[in-house]
Amino acid sequence: MPAQAVIEVLSQVWIECGVPEYLRSDNGPEFIAKAIQRWLTQRQVETHYIEPGSPWQNAYGESFNGKFRDECLNMEVFYSLAEAESIVEMWRQSYNQERPHSSLAYQTPAEFAASWRMASGTMDNSVHSEFQAITDRHQKEGTGWRIEEAMKRIVGKTFKSKTNWPFGPWHFSEVELENCHFDNCMSFASWLLRRRFHARNVRLLNCSQFSSGLDAAILEDIVVDGWQNRGRNGYFRAWACAFRHVTLRGRIGYIKFRDGPEKAGLMQRTMDWTNANRAYYATVDWALDIREARFTSSPELHFIPGSLIRRDPETQVLVTKKQATAALAAGLAWGESAVPVVLQWFVEDGLYDDVVVAAPRASKKLHEDLAALDMLRQHGLAA
């Protein structure tokens, strides 16, 4: 690891945690480099090197290394570098954000750090400025390296594959993306339920995608205003995702909701995600708001509780499974509407007791679908 990379990582850590009085490390070349020593001296940070072959002198670091290997590295099989990055980051988030530590009076490290920062005062502004300069340089060079503070707004960028997400493969928040394109971008679905991709407080404005999707994600406080699928018969997949306060509006291309990957051998994982999502929705006041969405085709919403979807009463109806079964058996004149197809999907695969059926307002068959919804209302088969 080159000295400059060490400097950049330390700068990031010091922005979050403050500048230390000294830096304890082993005698690895990345820490004894002259560039590192000059940089630390300029910032009045002392160096405390442990004796060669004496790892017990760095007890905190060695303890962490042991836990990391026993609880993460030895428990997983990594099939790619991107997958390794995702799983390791999920473990790190759990270690820092969720797990109480007895040595910290049963606080999580994040809680302890927050209380320490509050007691110790403000951050060193010189370090903050230096790290911002490093971030700006990486952005100018197009490396895709970002920190959340520098991600407040991204305009007109194309993100290609898992290695070039604007937010990493595990988590992102507090960002607005405008006129951006996602090309073959996927989140990772871990085998462990606690390692779920999590997005919160995000706005997507007139964005587009090709062959991209989310697996087993939790999406909270999201606004999607305009969403286009590129490519022939393209769609955005959302498998085993859970939603809270997600708003879709404007012209919205086809989003394919499913309860899990359509692959043999993954049924148990799909069932685990389904049960986790059921428990999650029990705590949610509303999941989706589609009142202002102009779908290009009939959305498949039968993997989301219909009662948790905010809908436009003129173009979107709520149907129970009992009503859907009766409607399909009634021999109604559907014409060219896609409504009976959506009802059939709901009856066969729907996870919940009700579903929202929406007439796609950006479709050429809008009038046929509106007529079908009116027919359901007239027969008392929709609300």
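Before reading further, recall that the structure is shown in the block above.
Residues numbered from 1 in each chain as written. Predicted model: local features only at pLDDT ≥ 70, side-chain atom pairs only at ≥ 80, totals over all residues. Heavy atoms only, no water.

Caption draft 1: Structural detail: the overall build of the chain. Secondary structure summary: the chain contains 11 helices and 16 strands in total. Counting across all 383 residues of the chain, residues that qualify as buried make up 45%. Within the chain, counting contacts between residues at least 6 apart in sequence, those at least 24 apart form 63% of the total. Of the roughly 20,200 Å² of accessible surface on the chain, 52% is carried by carbon and sulfur atoms. (Helix = DSSP H or I, 4+ residues; strand = E, 2+ residues; numbered from the N terminus. Buried < 20%, exposed > 50% of the residue type's maximum accessible area, 1.4 Å probe, protein only. Contact = heavy atoms within 4.5 Å. Areas by Shrake-Rupley, 256 points an atom, 1.4 Å probe, with all protein chains shown as cover.)

Caption draft 2: Inspection of helix H3 (residues 34-42) at higher detail. Three or more residues of H3 are buried, namely Ile36, Trp39 and Leu40. Viewed end-on, H3 has its buried residues packed into an arc of 95 degrees, placing them on one side of the element. Relative to its buried face, H3 has exposed residues pointing more than 90 degrees away, namely Lys34, Arg38, Thr41 and Gln42. Gln44 lies just past H3 and shows a positive phi near 60 degrees. (Arc of directions from axis to C-beta.)

Caption draft 3: Here's a closer look at helix H10 (residues 339-349). Where H10 is concerned, the buried positions are Val339, Pro340, Val342, Leu343 and Phe346. The buried side chains of H10 occupy one side of the element, clustering within an arc of 160 degrees when seen end-on. Those residues of H10 hidden inside the fold are in contact with strand S15 (316-320), helix H9 (321-329), strand S16 (354-358) and helix H11 (366-378).

Caption draft 4: Broad picture of the pairing of S16. Of all the five residues making up S16, five are buried; the element is thus mostly covered by neighbouring parts of the structure. Along S16, one buried face is formed by Asp354, Val356 and Ala358 and the opposite face, lined by Val355 and Val357, is buried too. Two strands pair when backbone bridges link them, and S15 and S16 are joined in this way by five bridges, in the antiparallel orientation. Paired with Thr320 across the two strands is Asp354, which belongs to S16. (Pairing = 2+ DSSP bridges.)

Caption draft 5: Structural context of the sheet that holds strand S8 (residues 213-215). Sheet architecture is open: three strands sit in the order S8-S10-S12, paired in parallel fashion. Two strands lie at the open edges of the sheet, namely S8 and strand S12 (255-258), each paired on one side alone. Between one strand and the next, the sheet's axes are offset by a mean angle of 15 degrees, whatever the strand orientation. In this structure, strand S10 (residues 236-239) lies alongside S12, joined through four bridges in parallel fashion. Each residue of the ladder has a partner; that of Phe236, found in S12, is Ile255. (Axes fitted to C-alpha atoms, helices over the stretch in contact; angles between N-to-C directions.)

Caption draft 6: The pattern of salt bridges, seen in detail. For the structure on display, the rule yields 10 salt bridges. Two residues, Glu220 and Arg200, come together in a salt bridge whose shortest N-O distance is 3.1 Å. Taken together, the residues Glu220 in strand S9 (residues 218-229) and Arg200 in strand S7 (residues 198-210) connect sequence positions 20 residues apart. With relative accessibility at 11%, the residue Glu220 sits in the buried group. Residue Arg200 is classed as partly exposed on the basis of its relative accessible area of 31%. Salt-bridge contacts for Arg361 lead to Asp312; the nearest nitrogen and oxygen are separated by 3.8 Å. Taken as a pair, Arg361 in the loop between S16 and H11 and Asp312 in the loop between strand S14 (309-310) and S15 lie far apart in primary sequence, 49 residues in all. The network of salt bridges with common partners includes Arg153, Glu176, Glu178 and Arg203. (Salt bridge = Lys/Arg side-chain N within 4 Å of Asp/Glu carboxyl O.)

Interpretation in functional terms is not warranted from these geometric data alone.
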